[in-house]
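# Coordinate analysis (summary)
Next come the chains, spelled out residue by residue.
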Amino acid sequence: MADRVRRITGSVPDTELPPDAGALLQRVARGDEQAFSALYDLVSAPVFGLVRRIVRDPAQSEEVTQEVMLELWRTAARYAPDRGSAMTWVMTLAHRRAVDRVRSAQSATDREDKAFRRETTRPFDEVAEQVSTRLEYEQVRRCLASLTDLQRESVELAYYRGLTYKEVSELLDTPLGTVKTRLRDGLIRLRDCLGVAR
């Protein structure tokens, strides 16, 4: 008779309503495997859909969905009906797990990229660096020697001792404008001597 009523009216009698996820979670918390099977049937598709939207990779999405279902089995006792619906709690777990997977994958990619970059960069050649530095030092000394005594003294005070233009002016007892002119002219001569492009 119930089958006939269902076929005719298309409705489900009250005794055969789909199970409530909250009630199922409470039964799963007590270790009821049949309740877990029913819960799995009820929530696995929405969980997979959410995870798939976040993770995007189908195989990874299936893995994450399985992890969520396992977490439901292990942590069903943590569900608190007074804090929200069971479906909201399940979907929150799924969302967190999916985001964790995406972050983990991104971290792995970043580590691989960093390792690859480290491997492809040439090793530091200390001897070549010292030779290059020494040659630059000699070239700067040679170019400084080509300046007039007044220019060289102004450049050395400003750039090697770190004095301001005003402090150089006071130390040399020379007007500030004159010091600036000497510095500008000296730097132009240094630039030309060192072959620095503008």
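What you are looking at is a predicted structure, and each value in this text was computed from that prediction instead of being measured.

Every buried residue belonging to helix α8 (residues 165-172) is among V168, S169 and L172, and all of these are buried. The buried side chains of α8 occupy one side of the element, clustering within an arc of 100 degrees when seen end-on. Away from the buried face of α8 by more than 90 degrees, exposed residues K166, E170 and L171 are located. As for α8, its buried residues are in contact with α7 (149-160) and α9 (176-194).

This part covers the packing of helix α6 (residues 126-145) against α9. Two elements in contact, α6 and α9, have axes separated by 9 Å at closest approach and are oriented at 135 degrees. Comparing their axes, α9 and α6 come out oblique. In this structure, α6 crosses over α9, and the sense of that crossing is right-handed. Here Q139, V140, R142, C143 and L144 of α6 lie close against α9, whose contacting residues are L190, C193 and L194. Class assignment for the residues of the contact of α6 with α9 results in 6 nonpolar, 1 polar and 1 charged.

So, on to helix α4 (residues 58-75). Helix length check: α4 (18 residues) gives 25 Å between terminal C-alpha atoms against 26 Å at 1.5 Å per residue, within 8%. Buried residues of α4: S61, V64, T65, V68, M69, E71, L72 and T75, and no others. Taken down its axis, α4 places every buried residue within 160 degrees of arc, on the same side. Sitting at the amino-terminal end of α4 is D57, which places a side-chain oxygen 3.3 Å from the backbone nitrogen of A59.

With the rule as written, the count across this model stands at 3 aromatic pairs. Ring plane angle 70 degrees and centroid distance 5.2 Å describe the contact between F36 and W73, whose orientation is recorded as edge-to-face. One end of the pair, F36, is in helix α3 (residues 33-55); the other, W73, is in helix α4, and 37 residues separate them in sequence. Residue F36 is classed as buried on the basis of its relative accessible area, which comes to 19%.

For the structure shown, the criterion picks out 1 disulfide. In this model, C143 is linked to C193 through a disulfide, with the two sulfur atoms separated by 2.0 Å. Residues C143 and C193 are joined through a disulfide that is left-handed, its torsion about the S-S bond being -80 degrees. With a gap of 50 residues between them, C143 in helix α6 and C193 in helix α9 connect regions that are remote in the sequence. Judged by relative accessible area, C143 falls into the buried class, the value being 0%.

With that settled, consider the layout of surface pockets. By volume, the largest pocket is sized at about 220 Å³. If you go around the largest pocket, the residues you meet are R78, Y79, A80, R83, G84, S85, T88, W89, T92, L93 and R96. The residue makeup of the lining of the largest pocket, split by class, is 4 nonpolar, 4 polar and 3 charged.

Cut-off values and rules
Residues numbered from 1 in each chain as written. Predicted model: local features only at pLDDT ≥ 70, side-chain atom pairs only at ≥ 80, totals over all residues. Heavy atoms only, no water. Buried < 20%, exposed > 50% of the residue type's maximum accessible area, 1.4 Å probe, protein only. Helix = DSSP H or I, 4+ residues; strand = E, 2+ residues; numbered from the N terminus. Arc of directions from axis to C-beta. Contact = heavy atoms within 4.5 Å. Axes fitted to C-alpha atoms, helices over the stretch in contact; angles between N-to-C directions. Parallel < 35°, antiparallel > 145°, perpendicular 65-115°, else oblique. Left-handed = near helix turned anticlockwise from the far one by under 90°. Nonpolar A, V, L, I, M, F, W, Y, C, P; charged D, E, K, R; others polar. Expected span 1.5 Å × (residues − 1). Polar contact = N/O pair within 3.5 Å; in protein donor to acceptor, adjacent residues only side chain to side chain. Phe/Tyr/Trp six-rings, centres within 6.5 Å; stacked < 30°, edge-to-face > 60°. Disulfide = S-S within 2.5 Å. 1 Å grid on protein atoms, 1.4 Å probe; cavity = no way out; pocket = protein on both sides within 12 Å on 5 of 7 lines; lining within 4 Å. Points joined across faces, edges and corners; volume = space filled by probe spheres on them.

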